[in-house]
Each structure stands twice: as structure tokens, then as C-alpha cells.
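# Notes for the structure review
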Amino acid sequence: MMFRSNAPFSTITVYSSTPAEPQQFCVLTNTTSLNYFLSPWTISSDNFSLVSAKYSGASFSPGSQNSPVIPAFYQAGDPIYTISPYGTLGTLMQPSALGASGLCAFNNPARFLHSVTTSCLHVISNVNVSCMADPTLSTDFYYRNIRVIAANPTAGNFTGQTVPIVSLVTDTPQLQGNGCTNIVSEVNYTVVYNGTGGVVNVTVSFTLLNVTSGAVSLGQTFRVLYKPIGATNVQIRSGNPGYLANLPVLTDTGPLLIPFPVGGSCSSSPVGFGVNMLSGCTIRAQSSETCSDLYNRTFTALLGGKSPQYVGAFGNAIESGQWIPIIYQNCSTWPPGNCSSCSLPVSLNIQILQAKVGLLSNPQSQVLGTRFLFGCKLVQCQEDIVLQTQVSFTDLTQRGPLPRSRATIIGPLIPGSIGEQNGFALSLVLACVGYLLVM
């Protein structure tokens with residue numbers, strides 16, 4: 001039997017007049033427009049337009065987009081605003097990986113004072129077509145006709161308050177034979193700022209490479225570094241002074257990097273302090289390479305593209321100038337000749353010794369030493385070469401003794417008091433100790 005109705009109708013219970021008749025729970029449909037018990041309409045191609053007219057409209061139309069409000073001065077985490085020659089406002093982008101595929105998404109804004117490195121995968125289905133047609137493969141896309149708003153706008157007037165993005169590299173992709181030259185694989189922005197005065201200037205540098213025809217999975221890396229005006233080095237902190245967990249380990253070439261697989265190529269990823277990591281990628285020898293060439297390429301790939309010589313002792317090493325040399329332990333050398341069978345470095349074990357120093361109430365993490373231990377093996381160059389880098393942190397902190405409780409002062413002895421009894425007991429103990437010494 002049904003005793004409750006969620007429909008918007010009144011209900012009534014009809015009780016039985018005799019024990020043999022069951023009770024009835026009735027729903028009174030007094031409004032036909034709200035009657036859920038009516039038979040649904042039969043919709044066909046003939047009457048669909050008439051039925052759907054009541055509900056027609058753009059379901060996914062974007063809302064009204066207002067112009068961004070430029071702040072009086074940049075604060076940490078604010079997007080860096082740009083303006084085009086036609087007056088269109090935008091933001092300085094730092095492409096990042098999208099989802100599990102790692103494809104490049106160009107909707108990630110760079111954040112003020114957030115020095116970040118991102119890597120992503122750019123799939124080129126046809127190099128001969130995309131070489132000149134894909135703007136994200138050209139250096140022009142990242143700096144030409146882009147001016148950065150320095151902040152402090154006056155009534156929305158940006159004239160004279162913008163700075164151009166300056167690049168010393170002006171090469172653009174060119175089709176040559178069966179390949180494409182000067183394709184962007186790495187973009188490095190350096191933003192110089194003057195406190196609340198805003199952005200002073202912006203420069204960009206590129207790493208370019210050449211690719212052959214066909215389909216290519218290209219790994220691209222994007223870095224944005226911030227430097228206060230007057231500083232000689234790019235100011236990157238991973239703590240002040242001690243390292244903070246998960247922030248990049250600093251070296252003389254920037255953050256410590258390890259190889260990271262992006263599609264079918266090798267990219268790089270920074271090492272976070274205190275985070276044990278294991279990563280790698282796969283490369284294949286080219287027909288024109290010798291064992292010496294391939295050795296250098298695998299050696300560089302294991303290091304994430306750079307060969308640092310020093311690691312920062314503290315998270316503010318660039319400011320304090322405290323650096324520790326890295327101990328390199330290489331493996332066997334390569335045999336001369338063409339690339340048929342070579343002894344190559346295929347693994348790297350980065351061992352970092354750390355410790356906490358300073359006060360127990362405010363310990364600071366410090367790097368004590370770093371060793372790069374390479375492993376080689378004989379590989380066939382025509383096969384895929386799997387590279388692997390491992391990072392391990394070992395804590396060597398020496399704990400000091402636990403703090404002792406302070407001595408308490410016993411008040412003057414009062415006859416018959418607890419203090420007098422304690423004093424008597426202490427005298428008795430000393431007398432016994434003196435007796436034992438005499439004996």
C-alpha cells in the first residue's frame with residue numbers, strides 16, 4: 001500500500017467500510033498542468049520545432065566577458081598583463097601540460113614572483129605543413145608585438161607604462177629539404193621588477209632545434225624567472241635560509257633537473273627538496289651519430305639538459321653565495337668508431353646528503369654534499385635506449401641532548417615542615433655516603 005506521495009497534489013485516504021475491503025490512498029489531480037500521471041507527448045520530426053520553441057536558446061553561450069582590471073601594483077601571484085598593438089589586453093602565458101597526455105595548453109598565465117618551470121608535449125602531425133603554419137613553433141609567437149603592462153595605470157591609460165619583450169634570438173622556422181629548422185623547444189623569460197614600481201623590463205631566450213619530416217612529438221619547456229632591479233643574478237629562492245620541502249634544489253645552472261618523458265621525447269622536470277624521485281625517458285640514435293656523439297647526448301639527457309657543477313647549500317644560495325661542489329663519478333668511456341655497439345651512460349643516481357641545523361625551535365634544512373653516480377652498459381644503437389635517473393635524500397641530522405628541567409629552589413626550613421624533613425633526609429643521605437667512602 002502507498003501511504004505518501006511526493007507529487008504536488010492533495011491526497012486522501014479512503015477507509016474501508018468492512019474488514020474485507022482494503023483501505024485506499026488516493027491522489028487528487030486537481031491541476032492538469034502539474035499532473036505527472038498524464039501520458040507524455042509523442043514527439044516526432046513534424047512537431048519537434050513547436051514543442052522545443054518554448055525551451056530554445058543557446059545553452060552554452062559564454063557570459064559577458066569584462067575587460068581585466070589592472071591592479072595599481074603587482075602582488076605575488078597576480079597574472080602579468082600584456083597589451084597588443086591593437087589595444088587588446090591579455091596575459092603573459094606559460095604553457096603547461098594538460099591531463100595525462102601532457103599536451104601543451106596555452107591558457108596558463110605566468111604568475112608574478114612565481115619562478116616556475118613547466119614542460120609539455122607538442123604533437124606535430126606533419127612537419128612540412130606545421131613548420132610555417134603553426135605559430136607556437138616560432139619565436140615570434142612568444143615576444144613579437146607583445147608589450148607587458150608595468151602596472152600603476154592612470155585611469156586606464158597604458159601609454160608609456162608598458163615595456164616590450166626583448167629577444168636576441170630572431171630566427172624563425174624554415175623548411176629545408178625534408179625537415180624544419182629553428183623550431184622552439186625551450187622558452188626562458190626573465191622579468192626584472194622594481195618592488196611596487198612594477199615590471200622594468202622583460203627578456204626572452206630560446207633553445208631551437210631541427211626536426212625531420214613526418215609526425216613528431218616535440219617536448220617543450222617554459223621557464224619564467226624574476227629578478228629585482230640591480231641584482232646581478234636571477235633571484236630564485238627555495239627557502240630563507242633553509243630549504244623548504246618540495247621546492248627546487250638550486251644549482252649554479254638553475255634548478256636541479258632530471259629527465260622526464262613527454263610523448264616520445266625527453267624533457268626535464270625540477271627536483272623538489274626532500275623528495276625521492278625516479279624518472280627517465282627513451283632516445284634513439286641517429287644514423288649520422290658516432291659513439292662519442294651518442295655518449296654526450298645520453299650524458300646530457302640524464303642531467304635534464306644541463307651539467308651543474310655546484311649545488312646550493314641553503315635555499316637562498318644565490319643571495320648568500322654558499323655553494324657545494326658536486327662530486328661526479330663517471331663510468332667507462334666510449335669506444336671509437338661508428339654507432340653500432342657503444343658503452344653509454346644509461347643510469348644516474350643523484351645522492352643528496354641533508355641535515356637540519358640551527359635552533360631546535362626553528363631548524364633549517366641544509367645540503368651537506370651531492371654525488372652524481374653514473375652507470376654504463378653496452379647497448380645496440382639501432383635499439384631504443386632507456387635512460388633512468390634516481391634522486392635520493394639522506395638525513396644526517398645529529399640530534400642534541402634533550403633540554404633538562406631547571407632546578408627548583410626550596411624555601412627556608414620551618415620546624416616540623418616538609419622542607420625540614422627533606423633537609424634532614426638529605427643530610428642523612430650525605431652522611432651515609434661519607435661513611436661508605438671512609439670504609
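Since we're looking at a predicted model, the values are computed, not measured.

The number of helices and strands found in the protein chain is five helices and 23 strands. Of all 439 residues assigned to the protein chain, the portion counted as buried reaches 36%. In the protein chain, the proportion of contacts linking residues at least 24 apart, taken out of those at least 6 apart, comes to 63%. Summing over all exposed atoms, the protein chain offers an accessible surface of approximately 26,200 Å²; the carbon and sulfur share of this is 56%.

With that settled, consider the nonpolar core. With 40 residues, the main nonpolar core has Val249, Ile350, Phe372, Phe374 and Ile385 as its most contacted residues. Listing elements by their share of this core, those giving two or more residues are α3 (291-302), β20 (323-329), β21 (341-357), β22 (364-380) and β23 (385-395). Among the nonpolar cores identified, the runner-up in size contains 29 residues, and Ala151, Val187, Tyr189 and Tyr193 belong to it.

A cluster of nonpolar side chains, Ile12, Val14 and Leu28, forms an exposed patch at the surface whose accessible area comes to about 230 Å². Within the fold, Ile12 resides in strand β1 (residues 10-14).

It is worth spelling out unusual backbone geometry at this point. Peptide bonds are mostly trans, and most non-glycine residues show a negative phi. Pro241 follows Asn240 through a cis peptide bond whose omega is -5°. Topologically, Pro241 is positioned in the loop between β13 (216-228) and β14 (250-251). Phi at Asn145 takes a positive value of approximately 60°, unusual for a residue other than glycine. Here Asn145 is to be found in the loop between α2 (127-133) and β8 (147-149).

Moving on, we get to the environment of Thr397. Its place among the elements puts Thr397 in the loop between β23 and α5 (418-438). A sequence separation of 31 residues divides Thr397 from Gln366, and the C-alpha atoms of the two residues are 9.7 Å apart. If near-sequence neighbours (up to four positions away) are discounted, Thr397 is found in contact with Gln354, Ala355 and Lys356. Among the polar contacts listed, one links the side chain of Thr397 to the backbone nitrogen of Lys356, at a separation of 2.8 Å. A polar side-chain atom of Thr397 sits 2.5 Å from a polar atom in the side chain of Asp395.

A few words on α3. Under the 1.5 Å per step criterion, the end-to-end length of α3 is 16 Å for twelve residues, consistent within 8% with the ideal 16 Å. Listed in full, the buried residues belonging to α3 are Cys291, Leu294, Tyr295, Thr298, Phe299, Ala301 and Leu302. In an axial view of α3, the angular spread of the buried residues amounts to 165°, which keeps them on one side of the axis. Downstream of α3 by a residue or two, Gly304 has a phi angle that is positive, lying close to 75°.

As a further point, take the state of the cysteines. Under the counting rule described, the total for this entry stands at four disulfides. Paired by a disulfide, Cys331 and Cys376 hold their sulfur atoms 1.6 Å apart. Between Cys331 and Cys376, the S-S torsion sits near 45°, and that sign places the bridge as right-handed. With Cys331 in the loop between β20 and β21 and Cys376 in strand β22, this residue pair connects regions lying 45 residues apart in the sequence. Cys376 sits in the partly exposed class, given a relative accessible area of 25%.

This part is about the confidence of the model for the protein chain. Per-residue confidence for the protein chain gives a mean pLDDT of 78, with 76% of residues at or over 70. Between residues 424-439, whose pLDDT stays under 50, and residues either more than four places distant or in other chains, the model counts zero contacts.

Quick look at the packing of aromatic side chains now. Inspection of the entire model under this criterion finds 14 aromatic pairs. Their ring planes at 85° and their centres at 5.1 Å tell us that Phe141 and Tyr142 sit as a pair that is edge-to-face. You can call Phe141 partly exposed: its relative accessible area is 37%. What makes Tyr142 buried here is its relative accessible area of 4%.

So, about the pattern of salt bridges. Charged atoms that come close allow side chains of opposite charge to pair. Evaluated as defined, the whole model comprises two salt bridges. We note a salt bridge from Arg144 to Asp140, for which the minimum N-O separation is 3.0 Å. A relative accessible area of 39% means that Arg144 is categorised as partly exposed. Glu186 is paired through a salt bridge with Arg223; the nearest N and O atoms lie 2.6 Å apart. Linking Glu186 in strand β11 (residues 179-193) with Arg223 in strand β13, this pair joins segments that are 37 residues apart in sequence. Its relative accessible area of 6% is what places Arg223 among the buried residues.

Bringing the environment of Phe393 into the picture now. The residue Phe393 is located in strand β23 in this model. Relative accessible area serves as the criterion here: at 12%, Phe393 is assigned to the buried category. Those residues in contact with Phe393 that sit more than four places away from it in its chain are Val249, Val271, Gly272, Phe273, Gly274, Val275, Asn276, Ile352 and Gln354.

What follows concerns the side chain of Thr181. Within the secondary structure, Thr181 sits in strand β11. For Thr181, a relative accessible area of 11% corresponds to the buried category.

Reading guide: rules and limits
- Residues numbered from 1 in each chain as written.
- Predicted model: local features only at pLDDT ≥ 70, side-chain atom pairs only at ≥ 80, totals over all residues.
- Heavy atoms only, no water.
- Helix = DSSP H or I, 4+ residues; strand = E, 2+ residues; numbered from the N terminus.
- Buried < 20%, exposed > 50% of the residue type's maximum accessible area, 1.4 Å probe, protein only.
- Contact = heavy atoms within 4.5 Å.
- Areas by Shrake-Rupley, 256 points an atom, 1.4 Å probe, with all protein chains shown as cover.
- Core = buried A, V, L, I, M, F, W, Y, C linked by side-chain atoms within 4.5 Å.
- Patch = residues over 30% accessible without salt bridge, like charges linked within 9 Å, V, L, I, M, F, W, Y side chains within 5 Å.
- Salt bridge = Lys/Arg side-chain N within 4 Å of Asp/Glu carboxyl O.
- Polar contact = N/O pair within 3.5 Å; in protein donor to acceptor, adjacent residues only side chain to side chain.
- Expected span 1.5 Å × (residues − 1).
- Arc of directions from axis to C-beta.
- Disulfide = S-S within 2.5 Å.
- pLDDT = per-residue confidence, 0-100.
- Phe/Tyr/Trp six-rings, centres within 6.5 Å; stacked < 30°, edge-to-face > 60°.

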